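Summary of the model geometry
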Amino acid sequence: MQEQANGTSPRQSSCLVNGPIIVGAGPSGLAVAATLRQHSVPFTILERSNGIADLWTNRTYGRLRLHLPKVFCELPHVRFPPDFPIYPSKHDFLRYLHSYAAHFSIAPLFGRAVTQARFDEAAALWRVTAVADGGEVTEYVSKWLVVASGENAEVVVPKVKGRERFAGEVLHSSEYKSGERFKGKRVLVVGCGNSGMEMCLDLCEHGAIPFMSVRSGVHVLPREMLWSSTFGIAMKLLRWLPVKLVDRLLLLAAKMALGDTEKYGLKRPKLGPLEIKDVTGKSPVLDVGAWSLIKSGNIKVVAEVESLGCNGARFVDGSEMAFDAVIFATGYRSNVPSWLQDAGGFFTEDGKPRARSPASSNWRGPNGLYCIGFSGKGLLGAGNDALRAAADIAGSWLQEQEQAAAGISPV
Ligand SMILES: Cc1cc2nc3c(=O)[nH]c(=O)nc-3n(C[C@H](O)[C@H](O)[C@H](O)COP(=O)(O)OP(=O)(O)OC[C@H]3O[C@@H](n4cnc5c(N)ncnc54)[C@H](O)[C@@H]3O)c2cc1C
Ligand SMILES: NC(=O)C1=CN([C@@H]2O[C@H](COP(=O)(O)OP(=O)(O)OC[C@H]3O[C@@H](n4cnc5c(N)ncnc54)[C@H](OP(=O)(O)O)[C@@H]3O)[C@@H](O)[C@H]2O)C=CC1
Ligand SMILES: O=C(O)C(=O)Cc1c[nH]c2ccccc12
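The rules behind the values
Residues numbered from 1 in each chain as written. Chains lettered and ligands numbered in written order. Predicted model: local features only at pLDDT ≥ 70, side-chain atom pairs only at ≥ 80, totals over all residues. Heavy atoms only, no water. Domains from an automatic or database assignment. Buried area = accessible area lost by both parts, 1.4 Å probe. Salt bridge = Lys/Arg side-chain N within 4 Å of Asp/Glu carboxyl O. Polar contact = N/O pair within 3.5 Å; in protein donor to acceptor, adjacent residues only side chain to side chain. Nonpolar A, V, L, I, M, F, W, Y, C, P; charged D, E, K, R; others polar. Phe/Tyr/Trp six-rings, centres within 6.5 Å; stacked < 30°, edge-to-face > 60°. Buried < 20%, exposed > 50% of the residue type's maximum accessible area, 1.4 Å probe, protein only. Axes fitted to C-alpha atoms, helices over the stretch in contact; angles between N-to-C directions. Helix = DSSP H or I, 4+ residues; strand = E, 2+ residues; numbered from the N terminus. Left-handed = near helix turned anticlockwise from the far one by under 90°. Contact = heavy atoms within 4.5 Å. pLDDT = per-residue confidence, 0-100. Pairing = 2+ DSSP bridges.

Considerations on the domain arrangement of the protein chain
- When its domains are assigned, the protein chain resolves into domain 1 (12-153 + 332-405) and domain 2 (157-328).
- Domain 1 and domain 2 are separated by 30 Å when their C-alpha centres are compared.
- A buried area of about 1,700 Å², summed over both sides, lies between domain 1 and domain 2, and 51% of it is on carbon and sulfur atoms.
- Together, Y61, R63 and H67 form the three largest contributors to the area buried by domain 1 at its contact with domain 2, with a combined 38%.
- At the boundary of domain 1 with domain 2, the tally comes to three salt bridges.
- Put simply, R63 and D202 hold a salt bridge, and the shortest N to O gap is 3.2 Å.
- Taken together, domain 1 and domain 2 are joined by eight residue pairs in polar contact (both at pLDDT 80 or more).
- For the side of domain 1 that touches domain 2, a count of residues per class yields seven nonpolar, five polar and four charged.

Here it is in C-alpha cells:
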C-alpha cells in the first residue's frame with residue numbers, strides 16, 4: 001500500500017467503537033460477546049477469517065470429537081441440545097456455535113486481521129489496526145480491548161534440516177482432513193500430542209502405515225475409566241484432593257488400564273498430567289484408540305527427527321527410514337506478540353498471560369485490556385473468563401454511560 005506524504009495510508013479510516021473491541025470470533029470471542037449482550041453492552045468483533053470458529057471449521061481433521069464430555073465444553077448461557085452425544089463431533093460443536101452466535105445476534109466483522117493494537121496513554125484509549133481482505137486499513141478505537149485470538153492462532157512447524165530436499169508431501173496437522181489419500185503410504189507423524197495420536201489412529205484406519213516421532217514424551221490417559229470420563233473423575237477428585245495426589249491416582253488408574261507406556265517409547269513427563277497442563281500448558285493425551293494400535297505395533301513409535309532427506313528421515317538415534325509423507329503434529333502458538341504492543345508486560349513472549357496461575361486472575365490486564373481463553377483450561381476455562389470479563393466491562397461501560405448522560409466527559 002502506498003504511503004502519502006503525511007504518513008497515513010490512502011485507504012485508512014478511523015472508527016470510534018461503542019463498547020469493547022473483541023479480537024477473534026472463536027468460542028472465546030463468542031462467549032464474551034454473548035455475555036456482553038446479556039449486560040446490554042454493545043461490542044465489535046474483528047475476525048481475520050470469513051466465518052466464526054475458524055479453527056474448528058477449517059483447521060481440524062474430519063474425525064475430530066470433543067475429547068472432554070459435553071458438560072465441560074458448553075459456553076455460558078446455552079446448553080448443548082439434549083440429543084448431542086457425550087463427546088460431540090466437530091460438526092455438532094460447529095452447529096452449536098452457529099446457533100449460539102445467531103441466538104445472541106453476534107455479527108462479527110469478518111476478513112479483518114488485527115495487525116496492531118496499542119494503548120494511547122494521552123487519550124486513554126486502545127487503537128486497534130485491522131487490515132481487511134481487500135487491503136483497506138481501519139483503526140478501531142475503544143476504551144476496552146478483549147484478546148480472544150486463541151492459544152492456537154498460528155501453527156508451529158519446526159525448522160528441520162533437509163526439509164527442502166524431501167520429495168514427498170509435508171503438511172501440518174491443521175491441514176490434515178483424513179487418512180484416505182495416504183492408503184498404503186508410509187507416513188511420519190512428528191509429535192505425540194492429541195493431534196499426533198489421533199492422526200496416527202486415523203491413518204491406520206485408512207490403511208496407511210504411520211510412524212510417530214516422539215521427542216520428550218507425554219502422559220497418555222484412557223478417555224474413560226470405570227464407565228466415567230477420566231476428566232470428569234479428575235474434576236470431582238480435585239474438589240477434595242490436591243492436584244499432586246489426583247495426578248498420582250490418575251497415573252495409577254492409567255497404569256492399570258493401559259500398562260506401562262514407557263515400554264513402548266512414550267516416556268511420562270516428571271510432572272503429573274494435570275499439574276503439567278497447569279504449569280506448562282502441555283495437554284495429556286486422552287486416548288481414543290491409538291494406544292492399542294501402538295501396543296499392537298500398527299503405529300510405530302520412533303525417535304526425534306534429526307533431519308529429512310530426499311526419501312525419508314534420519315533420527316537422533318542414528319536410524320534412517322523411508323517415508324512418503326511427513327505430517328507435523330507439532331502444535332500451535334498464540335500470535336498476540338505479533339500485534340499487541342503490550343507496554344504493561346501482561347503477556348509473555350509466547351503470547352500467553354504472564355499470570356497463568358491462579359487462572360482466576362489472568363483474564364484482566366491493565367488499561368481496559370482483557371484476555372479470554374488463555375487459561376489453559378479449554379472451553380470451560382474460556383467460558384469462565386468470558387463471564388468475569390464481560391461483567392467487569394459492563395460495570396465500567398455503565399459508569400461511562402451515566403457520566404455521559406450527566407454531561408461529564410469520560411476522557
Ligand atoms: C484440534 C483441537 C481440538 C480441541 N478440542 C478441545 C476440546 O475437546 N475441549 C476443549 O475444552 N478444548 C479443546 N481444544 C482447545 C481449543 O483451544 C478450544 O477448543 C477453542 O477453540 C479455543 O477457543 P478460542 O476462541 O480461544 O480460540 P480459537 O478457536 O483459536 O479462536 C480464535 C479466533 O481468533 C481469530 N484470530 C486470531 N488472530 C487474529 C487476528 N490477529 N485478528 C483477527 N482475528 C484473529 C482466529 O481466526 C479464530 O477464529 C482443542 C484445540 C484443538 C487445536
Ligand atoms: N479431540 C480433541 O479434543 C483434541 C484436542 N487437541 C488439543 O489441541 C491442542 C493442540 O494439540 P496438538 O496439536 O496435539 O499439539 P501439542 O502442543 O499438544 O503437541 C505437540 C507435539 O509436537 C511435539 N513437538 C513440538 N515441537 C517439536 C519439535 N520442534 N520437534 C519435535 N517435536 C516437537 C511436542 O513434543 P514435546 O512435548 O517434546 O514438545 C508434542 O509431542 C492441545 O490442547 C490438545 O489437547 C488436539 C487434538 C484433538
Ligand atoms: O484439549 C485440551 O487441551 C484442553 O484444553 C481441554 C483441557 C482442559 N484441561 C484439561 C486437562 C486435561 C486434559 C484436557 C484438558
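What to know about the packing of aromatic side chains
- Overall, the coordinates contain 16 aromatic pairs when judged by the stated rule.
- Taking the centre distance of 6.1 Å and the plane angle of 10° together, the rings of Y176 and F182 count as stacked. Neither residue differs from the other here; Y176 and F182 are each classed as buried.
- Centroid distance F347 to F374: 6.0 Å. Interplanar angle 80°. Geometry classified as edge-to-face.

A look at the packing of helix 5 (residues 230-238) against helix 6 (residues 243-258)
- Where helix 5 contacts helix 6, the axes come no closer than 10 Å and their chain directions differ by 145°. In this structure, helix 5 crosses over helix 6, and the sense of that crossing is right-handed. For the pair helix 5 and helix 6, contact is made by T230, A234, L237 and L238 and by V243, V246, L249 and L250, respectively.
- Looking at the contact of helix 5 with helix 6 residue by residue, the class counts come to seven nonpolar, one polar and no charged.

Concerning the confidence of the model for the protein chain
- Across the protein chain, the average pLDDT comes to 94, with 95% of residues at 70 or higher.
- Between residues 1-6, whose pLDDT stays under 50, and residues either more than four places distant or in other chains, the model counts 10 contacts.
- Across the whole predicted complex the pTM is 0.96, and at the interface the ipTM reaches 0.98.

Observations concerning the sheet that holds strand 23 (residues 369-371)
- Pairing within the open sheet is parallel, and its four strands lie in the order 3-2-7-23. Edge positions in the open sheet fall to strand 3 (44-46) and strand 23, since each of these has one partner strand only. Geometrically, the sheet is characterised by an average inter-axis angle of 20° between neighbouring strands, direction not taken into account.
- Pairing analysis gives three bridges linking strand 2 (residues 21-23) to strand 3, with the strands arranged parallel. The partner of I21 across the bridge, within strand 3, is T44.
- Packed onto the sheet, helix 1 (residues 27-38) meets strand 2, strand 3 and strand 7 (145-147) and runs at close to 160° relative to strand 2.

Quick look at the pairing of strand 17 (residues 305-308)
- Relative to strand 18 (residues 312-315), strand 17 runs antiparallel, the two sharing three bridges. The residue of strand 18 that forms the bridge with L308 is A313.
- The antiparallel hairpin formed by strand 17 and strand 18 contains three residues in its connecting segment.

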